[in-house]
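Inside the fold
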Amino acid sequence: MGTLRRRAALVIAGTAAVGMVLTGCSDSGSGRKSSKPSGGSSSSKGSSKGSGKTQDPSDTPTKDDGGKTVPAGKPSTKPGTGGGGRTGPCTNAETELTVTAAPRPVNYQLITLTNTGKRTCTVLHYPVVSFGPDLDGTAEGREDTRPQAVVTLKPGASAYAGLNTSPADQADDGTKPHAKTLSVDLIKKVGADGSTVQLGQPDTVKVNDLFIYEPKVSYWQQEMDLALG
């Protein structure tokens, strides 16, 4: 009897041990995932949290030169100050006129117009030159001297025109008219048909008894040599 009891106890103990082994094997091979996040998933979560959208500088509201807020992505509509506006004709009030005898060619006077104002202006066509004290008519403009572009004068700059008082082969026999003054007016408008409108405020300068015969004047030029050419 004692022997049978011991054997039965041993069998029961062995059966329990086998059951524990089988239970352990079942847990390790069940395929369940751990509830604790792995190192890889933590890194991925941190990466997605820190990868916010980079803001484009153009998406940021700015202010223009006048202090007005400009919506993001839109340029300022304030016009620039780089001279995009139209330049008007020069006037007598903002220019200074001089007339001097030219060293060449013969029978030429050099008319110089200097911008003494604070704005850029233009000189149109040619100076309208009349002679005094009592000569009729004005000098004829020389179409062969018309520049390719309108002459523009910045403050302090000068334009030039050459006045041919008489042809080189025309002799002064004392019977033809002489001028003691020159009056120079500026053109403020040129029509589509070529007609011109003068300012109507000519500058008058004294000259040294000039012999006048079929006088001609060049268009305004940026360079002195072109005016006397």
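Right above here is the structure, for reference.
The model shown is predicted, which means the values in this text are computed figures rather than measured ones.

With that out of the way, let us pick up the state of the cysteines. Counting across every chain of the model gives one disulfide. A sulfur-sulfur distance of 2.0 Å marks the disulfide that ties C90 to C121. Across the disulfide from C90 to C121, rotation about the S-S bond amounts to roughly 85 degrees, and the bridge is consequently right-handed. Residue C90 is located in the loop between strand 2 (69-70) and strand 3 (95-101), and its partner C121 is located in strand 5 (residues 121-123); the two are separated by 31 residues in the primary sequence. Across the pair, C121 and C90 agree in class, each one buried.

Our next topic: unusual backbone geometry. Here the residue pair R104 and P105 is connected by a cis peptide bond, since its omega of -15 degrees sits within 30 degrees of zero. Looking along the chain, the bond that leaves G132 and enters P133 is cis, with omega of 15 degrees. By the secondary structure assignment, P133 is in the loop between strand 6 (128-132) and strand 7 (140-141). Phi at D209 takes a positive value of approximately 45 degrees, unusual for a residue other than glycine.

Spatially, three strands are ordered 6-10-13 in an open sheet, and the strand pairing comes out antiparallel. Two strands close off the open sheet at either side, each with one partner strand: strand 6 and strand 13 (203-211). The average angle at which neighbouring strand axes cross in this sheet is 30 degrees, direction not considered. In terms of strand pairing, strand 10 (residues 178-185) meets strand 13 through six bridges, oriented antiparallel. Bridged to T181 within strand 13 is K206.

Let us look at the environment of V128. Tracing the chain through its elements places V128 in strand 6. For the pair formed by V128 and A139, sequence separation is eleven residues and the distance between their alpha carbons is 7.0 Å. Not counting the four nearest positions on each side in its chain, V128 is found in contact with T138, S183, V184, D185, I187 and Q198.

Take the layout of surface pockets next. In this structure, the largest pocket encloses a volume near 150 Å³. Considering the residues around the largest pocket, the lining is formed by V123, L124, H125, R146, P147, Q148, A149, V150, V151, V190, Y219 and W220. Of the residues contributing to the lining of the largest pocket, the split by class is nine nonpolar, two polar and one charged.

The next thing to look at is the pattern of salt bridges. Under the criterion given, the structure shown has five salt bridges. For E94, the salt bridge identified is with R119, shortest N-O distance 2.6 Å. Residue E94 is found in the loop between strand 2 and strand 3, and its partner R119 is found in the loop between strand 4 (108-115) and strand 5; the two are separated by 25 residues along the sequence. Taking relative accessible area as the criterion, R119 reaches 33% and is therefore assigned partly exposed. When the shortest N-O distance is used, the salt bridge between K176 and D173 registers 3.4 Å.

Okay, empty space enclosed by the protein next. Following the criterion strictly, the structure yields one cavity of 30 Å³ or more and no others. The volume enclosed by the largest cavity comes to roughly 40 Å³. Taken together, the residues that form the lining of the largest cavity break down as seven nonpolar, one polar and no charged.

Here is what the cut-offs are and how they apply
- Residues numbered from 1 in each chain as written.
- Predicted model: local features only at pLDDT ≥ 70, side-chain atom pairs only at ≥ 80, totals over all residues.
- Heavy atoms only, no water.
- Disulfide = S-S within 2.5 Å.
- Helix = DSSP H or I, 4+ residues; strand = E, 2+ residues; numbered from the N terminus.
- Buried < 20%, exposed > 50% of the residue type's maximum accessible area, 1.4 Å probe, protein only.
- Pairing = 2+ DSSP bridges.
- Axes fitted to C-alpha atoms, helices over the stretch in contact; angles between N-to-C directions.
- Contact = heavy atoms within 4.5 Å.
- 1 Å grid on protein atoms, 1.4 Å probe; cavity = no way out; pocket = protein on both sides within 12 Å on 5 of 7 lines; lining within 4 Å.
- Points joined across faces, edges and corners; volume = space filled by probe spheres on them.
- Nonpolar A, V, L, I, M, F, W, Y, C, P; charged D, E, K, R; others polar.
- Salt bridge = Lys/Arg side-chain N within 4 Å of Asp/Glu carboxyl O.

Interpretation in functional terms is not warranted from these geometric data alone.
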